[in-house]
Amino acid sequence: MNSQLDEAVAVLKRGGLVAFPTETVYGLGADAGNPEAIGKLYAAKGRPADHPVIVHVAGMANLNEWAREITPIARQLAQRFWPGPLTLILKRAPCVSDVVTGGQDTVGLRIPSHPIAHALLEKFGGGIAAPSANRFGRVSATLAEHVRREFGDAVDFVFDGGECDVGIESTIVDATGSAPVLLRPGHITARDIEQAAGIALAAPTAHSPRAPGTLAAHYAPATPLLVMEGDLLLELAATLTRQGKRVAVLARSALQPLLAGVVWTAAPREAQQYAHDLYANLRTLDAAGCDALLVEELPQGPDWAAVNDRLLRAAAGARPSSTA
Ligand code: TXA
Ligand code: MG
């Protein structure tokens with residue numbers, strides 16, 4: 001791993017882009033202290049300039065370089081969940097560039113636990129700005145191969161760390177106030193946050209930091225995606241097939257995949273495993289080039305909140321009229 005680390009650090013130092021694994025999804029990294037490098041990152045992703053990026057750091061000692069105020073809530077959550085799949089929104093330090101924060105007065109910070117991400121951050125020394133390694137609005141990457149296929153030569157170095165453990169992006173919490181506000185659900189659930197903070201989550205207000213990446217349309221495959229209850233799904237799959245359309249299905253229950261020509265993927269029954277496999281499953285089904293991708297509706301409740309959130313946005317993003 002050492003020679004790869006040296007090469008990745010050299011690329012970051014000269015303002016290049018390095019894709020690297022984290023415990024959530026692959027990140028597309030650039031030196032967070034180099035606005036030009038972050039410009040390249042936005043260009044590669046095709047991301048609008050007012051979208052802030054998360055700054056990844058090696059440890060708590062680095063926080064003050066990026067945040068000017070570490071609230072008691074932030075300390076409690078950091079102690080409980082870092083290193084790990086949590087992003088905290090804090091008031092930004094004066095030197096943090098507008099290209100990192102999207103012009104907001106806050107900065108998103110995360111200390112990842114993945115050994116490669118950690119080693120890279122330690123060796124690099126500075127903060128690494130890293131959005132998920134996918135083109136804007138599209139499905140995140142959980143394998144190095146996904147990143148290579150999506151970006152080709154636009155990325156200078158891809159660090160292959162195999163599959164990401166969690167499979168969906170970090171939980172984002174606004175920790176600027178006296179009560180935490182959940183901005184993006186993830187593997188760390190609302191219940192986990194409330195327990196660790198010892199206080200109930202507050203609802204987002206007009207003053208909560210904007211998390212523009214939590215757009216209604218996001219995480220979308222190219223194939224139109226619909227989420228529906230199992231019986232309806234079978235009916236629609238049969239109807240579409242009769243009309244000569246090709247259908248892809250992602251379903252947890254043992255719905256009988258007897259329909260000829262339907263591309264079928266059996267999804268895990270358990271929430272964490274479902275999340276782990278979600279993006280790879282969506283990519284595989286998308287690659288089948290069908291006319292529709294039908295996803296069986298999931299249970300409600302805190303354990304399913306994060307994947308339900310991703311599927312809703314994927315469905316919205318896959319409708320051509322709503323992709324901005
Ligand atoms: O798990 C993750 O969080 C992955 C890995 C690579 O760390 N990263 C990731 O980044 O998902 P991205 O850019 O795809 O999503 C970050 C989200 C976006 O919705 C962005 O708007 C929000 O975080 N965000 C970043 N900084 C923010 C800030 N200062 N205030 C509000 N939202 C912020
Ligand atoms: Mg993303």
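The preceding data block contains the structure.
Description of the structure in this document.

Cut-off values and rules
- Residues numbered from 1 in each chain as written.
- Chains lettered and ligands numbered in written order.
- Predicted model: local features only at pLDDT ≥ 70, side-chain atom pairs only at ≥ 80, totals over all residues.
- Heavy atoms only, no water.
- Pairing = 2+ DSSP bridges.
- Helix = DSSP H or I, 4+ residues; strand = E, 2+ residues; numbered from the N terminus.
- Axes fitted to C-alpha atoms, helices over the stretch in contact; angles between N-to-C directions.
- Contact = heavy atoms within 4.5 Å.
- Expected span 1.5 Å × (residues − 1).
- Buried < 20%, exposed > 50% of the residue type's maximum accessible area, 1.4 Å probe, protein only.
- Polar contact = N/O pair within 3.5 Å; in protein donor to acceptor, adjacent residues only side chain to side chain.
- Salt bridge = Lys/Arg side-chain N within 4 Å of Asp/Glu carboxyl O.
- Near = heavy atom within 4 Å.
- Areas by Shrake-Rupley, 256 points an atom, 1.4 Å probe, with all protein chains shown as cover.
- Nonpolar A, V, L, I, M, F, W, Y, C, P; charged D, E, K, R; others polar.

Turning to the sheet that holds strand E14 (residues 292–296), a few remarks are in order. Backbone hydrogen bonds hold the strands of a sheet together, and the pairing may be parallel or antiparallel. Sheet architecture is open: four strands sit in the order E11-E14-E12-E13, paired in parallel fashion. For this open sheet the edge positions go to strand E11 (225–228) and strand E13 (263–266), each flanked by a neighbour on one side alone. Ignoring which end each strand starts from, the neighbouring axes of this sheet average 20 degrees apart. In this structure, strand E12 (residues 247–251) lies alongside E13, joined through four bridges in parallel fashion. Note on E13: the bridge partner recorded for Ala-248 is Val-263. Docked against the sheet, helix H8 (residues 230–242) engages E11, E12, E13 and E14, running at close to 160 degrees with respect to E14.

A rise of 1.5 Å per residue sets the reference length of helix H10 (residues 305–317), with its 13 residues, at 18 Å; its end C-alpha atoms lie 18 Å apart and thus fit the reference within 8%. Counted residue by residue, H10 has 11 buried out of 13 residues, so it is predominantly covered. Along H10, the residues classified as buried are Ala-306, Val-307, Asn-308, Asp-309, Arg-310, Leu-311, Arg-313, Ala-314, Ala-315, Ala-316 and Gly-317. For H10, the elements touching its buried residues are strand E10 (181–184), E11, helix H9 (271–287) and E14.

Inspection of the secondary structure puts His-146 in helix H6 (residues 144–151). Reaching out from His-146, the side chain makes a polar contact with the backbone nitrogen of Thr-142 at a distance of 3.1 Å. Contacts of His-146, omitting those with residues within four sequence positions, involve Ala-141, Ala-280 and Arg-283.

Per the counting criterion, the structure on display carries 11 salt bridges. In this structure, Glu-23 and Arg-110 form a salt bridge, with 2.8 Å as the shortest nitrogen-oxygen distance. With Glu-23 in the loop between strand E1 (18–20) and strand E2 (27–31) and Arg-110 in strand E6 (residues 106–110), this pair connects stretches of sequence that are 87 residues apart. Here Glu-23 and Arg-110 have matching classes, each one buried. Among the ionic contacts, a cluster of salt bridges with common partners joins Glu-169, Asp-309, Arg-310 and Arg-313.

This brings us to the site of ligand 1. Among the 27 residues in the neighbourhood of ligand 1, the closest are listed as Thr-24, His-56, Ser-132, Ser-170 and Arg-210. Interatomic distance of 2.7 Å between a side-chain N/O atom of His-56 and an oxygen atom of ligand 1. Here Ser-132 contributes a side-chain N or O atom positioned 2.8 Å from an oxygen atom of ligand 1. For ligand 1, whose unbound accessible area comes to 680 Å², protein coverage reaches 99%. For the shell around ligand 1, the elements supplying multiple residues, two or more each, are strand E3 (54–56) and E6. Among the elements that make up the shell around ligand 1, the one with the highest residue count is E6 (four residues). Taken together, the residues of the shell around ligand 1 break down into 12 nonpolar, 10 polar and five charged.

Read these as spatial facts, not as claims about activity.
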